[in-house]
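Descriptive analysis of the structure
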Amino acid sequence: MDGEKVRVLVLLKPGEVQPAMERAAEFARFMPELEVVACRVIHEFDDLTKPSLEQQMSREMLKIAQRYPSIKHFIPKIVFNKNVPEAFVQEAKEGNYLFAIISANKRNTIKDLFISTIDCSIMRLISIPLLVVKDAHAPQRLGRAILLCIDFEADDHEVLADDKLFEAATMFANNFNGEIHVANVVSPLHLGIRTRNTSMSPMFKSHGATDGRADYHGDLLKEFADKHGIPDERTHVLIGRVDEEIPHLSHDIDARMVCMGMSPNNGLLGAMNSGASELVLEQIKGDLFIVNGIKMMEEE
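A short tour of the structure in this document, coming up. (Residues numbered from 1 in each chain as written. Predicted model: local features only at pLDDT ≥ 70, side-chain atom pairs only at ≥ 80, totals over all residues. Heavy atoms only, no water.)

**Topic: the overall build of the protein**
When its secondary structure is counted, the protein shows nine helices and ten strands. Expressed as a percentage of its 300 residues, the buried residues of the protein come to 53%. Intrachain contacts of the protein at a sequence separation of at least 6 include 80% that bridge at least 24 residues. (Helix = DSSP H or I, 4+ residues; strand = E, 2+ residues; numbered from the N terminus. Buried < 20%, exposed > 50% of the residue type's maximum accessible area, 1.4 Å probe, protein only. Contact = heavy atoms within 4.5 Å.)

Set out below in structure tokens:
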């Protein structure tokens, strides 16, 4: 990407705290060619208030640009739409963006059982890769692991999504001097099994696993790792639920980011579906980068 302009779409939140913009500014320090399109979706308006709101937001956009001097190419975008996720997803679809960045919403466990948060709605609908930032001030030192998660067992498993994930993980690793780890979670056939089983992971140097599915997944993971030049010690086959195993491994290797695919698969979080992605987001310390394989196919 040397010398080539790349564009990212950032969703601005109301108020001063802007985790997504903080992360975009961090990327811009390493990629000065980065174009940051800062999108503010105003959902409370009418014909009378729209002109004054647009003027007010234009002033706020100018202040935001001044707060992030590392962003040399700051492009403000104001959208009026009653539905924030729909408007943002549409802009992502129509623009020529490398990926999008949003801030994670704070969770209210009971409420979120019935009402989808803005970030979850965007995660499910967006057709371009998406970075979800939980805490812009979380430790982001150089050299931390980038954890790439692949689901070989999904019926709609797409190699295209895998390649997009690896490209993204490589980009982040190159810019932040990080090492790529790749993981595959084998969901137990018996849904009552909830204990951690890391016996297939080279990290833990154990070779006692006899599960045929785990062996099969191990072969697929090794093939993927060899293809992309990832050493065995940075590959991990885990047995359990995705929403449990990925956060545990992320903590064990001190990952700054988890990269995973999404699909609308059913089942008890066996595959890396939207529900699993949302639960992983709640439990990890770093960012979550997702590629929605199904949406990518629909757009082609």
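**So, the nonpolar core**
Counting 54 residues, the largest nonpolar core has Met21, Phe27, Phe99, Ile101, Leu148, Phe172 and Phe289 as its most contacted members. It is helix α5 (residues 159-176) that contributes the most residues to this core, nine residues altogether. If near-sequence neighbours (up to four positions away) are discounted, Phe289 is found in contact with Phe99, Pro129, Leu130, Leu131, Leu165, Ala168, Phe172, Met257, Val258, Cys259 and Met260. (Core = buried A, V, L, I, M, F, W, Y, C linked by side-chain atoms within 4.5 Å.)

**Points about the packing of helix α3 (residues 84-94) against helix α4 (residues 118-125)**
Put simply, α3 and α4 touch, their axes get as near as 9 Å, and they point 40° apart. Between α3 and α4, the crossing angle belongs to the class labelled oblique. Remark: the crossing between α3 and α4 carries right-handed chirality. Side by side, α3 and α4 meet where Val84, Pro85, Phe88 and Val89 of the first sit next to Ile118, Ser121, Ile122 and Leu125 of the second. (Axes fitted to C-alpha atoms, helices over the stretch in contact; angles between N-to-C directions. Parallel < 35°, antiparallel > 145°, perpendicular 65-115°, else oblique. Left-handed = near helix turned anticlockwise from the far one by under 90°.)

**So, unusual backbone geometry**
Positive phi values are uncommon outside glycine, yet Asp254 reaches one of about 55°. With respect to the element layout, Asp254 can be found in the loop between α7 (242-252) and β9 (255-262). On the basis of relative accessibility, which here comes to 32%, the residue Asp254 falls in the partly exposed class.

**Quick word on the state of the cysteines**
If you walk through the whole model with that rule in mind, you get zero disulfides. Considering cysteine sulfurs only, Cys259 is the nearest to Cys149, which forms no disulfide, with 7.9 Å between them. Judged by relative accessible area, Cys149 falls into the buried class, the value being 1%. (Disulfide = S-S within 2.5 Å.)

**Observations concerning the side chain of His181**
The residue His181 is located in strand β7 (residues 180-186) in this model. Residue classification places His181 among the buried positions, given a relative accessible area of 8%. A distance of 3.0 Å separates polar atoms of two side chains, one belonging to His181 and the other to His236. Setting aside chain neighbours within four positions, we find His181 in contact with Ala145, Ile146, Leu147, Leu148, Arg234, His236 and Ile253. (Polar contact = N/O pair within 3.5 Å; in protein donor to acceptor, adjacent residues only side chain to side chain.)

**Here we look at the pairing of β7**
Most of β7 is tucked away, with seven of its seven residues classed as buried. By the alternation rule, side chains of β7 split into Ile180, Val182, Asn184 and Val186 and His181, Ala183 and Val185, which are all buried. Alignment of strand β6 (residues 145-149) against β7, held across four bridges, turns out to be parallel. Counted as the bridge partner of Leu148 is Val182 from β7. As defined by bridge partners, β7 adjoins strand β8 (residues 235-239) across five bridges and the pair is classed as parallel. (Pairing = 2+ DSSP bridges.)

**Re the sheet that holds strand β3 (residues 73-80)**
To summarise the sheet geometry, strands pair through backbone hydrogen bonds and adopt either a parallel or an antiparallel arrangement. Strand order in the open sheet formed by ten strands is β3-β2-β1-β4-β5-β10-β9-β6-β7-β8, with mixed pairing between adjacent strands. Unpaired on one side and paired on the other, β3 and β8 mark the two borders of the sheet. Strand after strand, the sheet turns through a mean of 25° between neighbouring axes, direction not considered. Judged from the six bridges that link them, β9 and strand β10 (residues 287-292) form a sheet pairing that is parallel. Along β10, the bridge assignment pairs Met262 with Asn292. Packed onto the sheet, α3 meets β1 (6-11), β2 (34-42), β3 and β4 (99-103) and runs at close to 175° relative to β1. Contacts from α4 reach β1, β4, β5 (130-133), β9 and β10 within the one sheet, and its direction differs from that of β10 by about 35°.

**A word on the packing of aromatic side chains**
For the structure shown, the criterion picks out seven aromatic pairs. Aromatic side chains Phe27 and Phe172 sit 5.5 Å apart centroid to centroid with 35° between the ring planes, which places their arrangement in the tilted category. Residue Phe27 is found in helix α1 (residues 19-30), and its partner Phe172 is found in helix α5; the two are separated by 145 residues along the sequence. For the residue pair Phe27 and Phe172, the accessibility class agrees, reading buried in each case. Relative to Phe80, the ring of Phe45 lies with its centre 5.2 Å away and its plane at 70°, an arrangement referred to as edge-to-face. (Phe/Tyr/Trp six-rings, centres within 6.5 Å; stacked < 30°, edge-to-face > 60°.)

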